[in-house]
Amino acid sequence: MAKYALPIGPIHPALDEPLYFRFEMEGETIKNTEIMFGHVHRGMEKLAMTNTISQNVILCERTCGLCSSNHGLSYCRVMETIGDIKVPERAEYIRVITDELKRIASHAFAVALIAHVIGFDTLFLYAFQEREKVLDLIEAFTGNRFHTSVNVIGGVKRDIDEELANRISKDLEEFKHSWEKVAEIYSTDPNILSRTKNVGVLTKEKAIEYGTMGPIARASGIAFDVRKQSPYLVYDELDFKLITETSGDVYARTMVRIREIFESINLIQQCIKRMPKGPINLGLIPRIPPGEASVRTEAPRGELIYYARTNGTQNPVLVKWRVPSVVNLPSLVEMFKENKIADIPVIVASIDPCISCTER
């Protein structure tokens, strides 16, 4: 059988972001893969050193659109840790609501995109249509559909009144029923099952070896979620399941995201019921003393780590962040092995990579 090398990227019609693959092939079968990323450099960590501490909230949110809220939250939390700042309880509930709305939107995007890559555009359009309803809720709350810009150091800058809370709860209940149809199609349609079952398998052992995070790890049977293992905000007061699958294939990664959407709806509805009255921020911009700290949060793609060091001035000495796609992308090498050329797009889509997060 013919052996040859197949390069794809970094600029390619099938790639939305610059990523380079070099596949070693035997006929149509992938034997080995070389991955290269780093084609874009935005200098965000350098820019964070020249901005003021408050300005960096907006900068960090611009790391990625799909998980913008989580970046803003993580940056605020690392500064609050350095400053030993106590955030009002109501603000912590609002932060959970914001993050979970963005998680739903992000997971829905990934699930819809897998349908599109397979060629099931009817399902893709239906899933995207339903996702728009979540973006409408985000817009009604934050004024934006993509970047929420809700977090500030010491709390949040937007409150949720009773009318909006009722709308969020009601619309999410309707969304849940619509998404149950999506879940049923994904779990029963023979075309989807043939393109996702036993495709792009990542075993639990290999998932641990590569250090994968988020839905990628949980789809391979690793029961790790920062919200459970290292609770922050008010997650330890809320009741939700840690979703896992065991097959580690494209199907498992898709179903983890689908099931997590239902858990996010459950979390938001709990927050709306339990959220206490009170202030949503400190009422002033706090001064951050000298110090250093790191925090972890669970972004839609997995564990997000922020580290910061300050010297008491209005500019941080250093801000660094480790995004989940950095550790998830290398695992594609294992997922591609013994699969076909036609499986490349769906395997890539199944890890929901974010190059804009990775290349800062």
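Residues numbered from 1 in each chain as written. Predicted model: local features only at pLDDT ≥ 70, side-chain atom pairs only at ≥ 80, totals over all residues. Heavy atoms only, no water.

Draft legend 1. Layout of the sheet that holds strand β6 (residues 291-299). Strand order in the open sheet formed by three strands is β6-β7-β8, with antiparallel pairing between adjacent strands. Of all the strands in the sheet, just β6 and β8 (318-322) have a single pairing partner and so form its edges. Neighbouring strand axes in the sheet, compared pairwise and without regard to direction, differ in orientation by 15° on average. Relative to β8, strand β7 (residues 302-310) runs antiparallel, the two sharing five bridges. Each residue of the ladder has a partner; that of Tyr 307, found in β8, is Lys 320. Along the sheet face, helix α3 (residues 68-82) touches β6, β7 and β8 and points at about 150° away from the line of β6. (Pairing = 2+ DSSP bridges. Helix = DSSP H or I, 4+ residues; strand = E, 2+ residues; numbered from the N terminus. Axes fitted to C-alpha atoms, helices over the stretch in contact; angles between N-to-C directions. Contact = heavy atoms within 4.5 Å.)

Draft legend 2. Seen up close, the pattern of salt bridges. Inspection of the entire model under this criterion finds 26 salt bridges. Residues Arg 22 and Glu 24 are paired through a salt bridge, measuring 4.0 Å at the closest nitrogen-oxygen approach. Overlapping salt bridges, with partners in common, bring together Glu 100, Arg 103, Arg 218, Asp 225, Arg 227, Glu 260 and Glu 298 in one network. (Salt bridge = Lys/Arg side-chain N within 4 Å of Asp/Glu carboxyl O.)

Draft legend 3. Layout of the packing of helix α5 (residues 121-142) against helix α6 (residues 162-188). Contact pair α5 / α6: the axes reach a minimum separation of 10 Å and the direction vectors enclose 165°. The orientation of α5 with respect to α6, classified from their angle, is roughly antiparallel. Our pair here, α5 against α6, has a crossing hand that is left-handed. Facing α5, whose interface residues are Leu 123, Tyr 126, Ala 127, Glu 130, Arg 131, Lys 133, Val 134, Asp 136, Leu 137, Ala 140 and Phe 141, α6 presents Leu 164, Arg 167, Ile 168, Asp 171, Leu 172, Phe 175, Ser 178, Trp 179, Lys 181, Val 182, Ile 185 and Tyr 186. Partitioned by chemical class, the residues of the contact of α5 with α6 number 15 nonpolar, one polar and seven charged. (Parallel < 35°, antiparallel > 145°, perpendicular 65-115°, else oblique. Left-handed = near helix turned anticlockwise from the far one by under 90°. Nonpolar A, V, L, I, M, F, W, Y, C, P; charged D, E, K, R; others polar.)

Draft legend 4. Local environment of unusual backbone geometry. The residue Ser 149 is not glycine, and still its phi comes out positive at about 50°. Tracing the sequence through the fold places Ser 149 in the loop between α5 and β4 (151-152). Notably, Glu 338 is not glycine yet its phi reads approximately 70°, a positive angle. Relative to the helices and strands, Glu 338 is located in the loop between α13 (332-336) and α14 (344-350).

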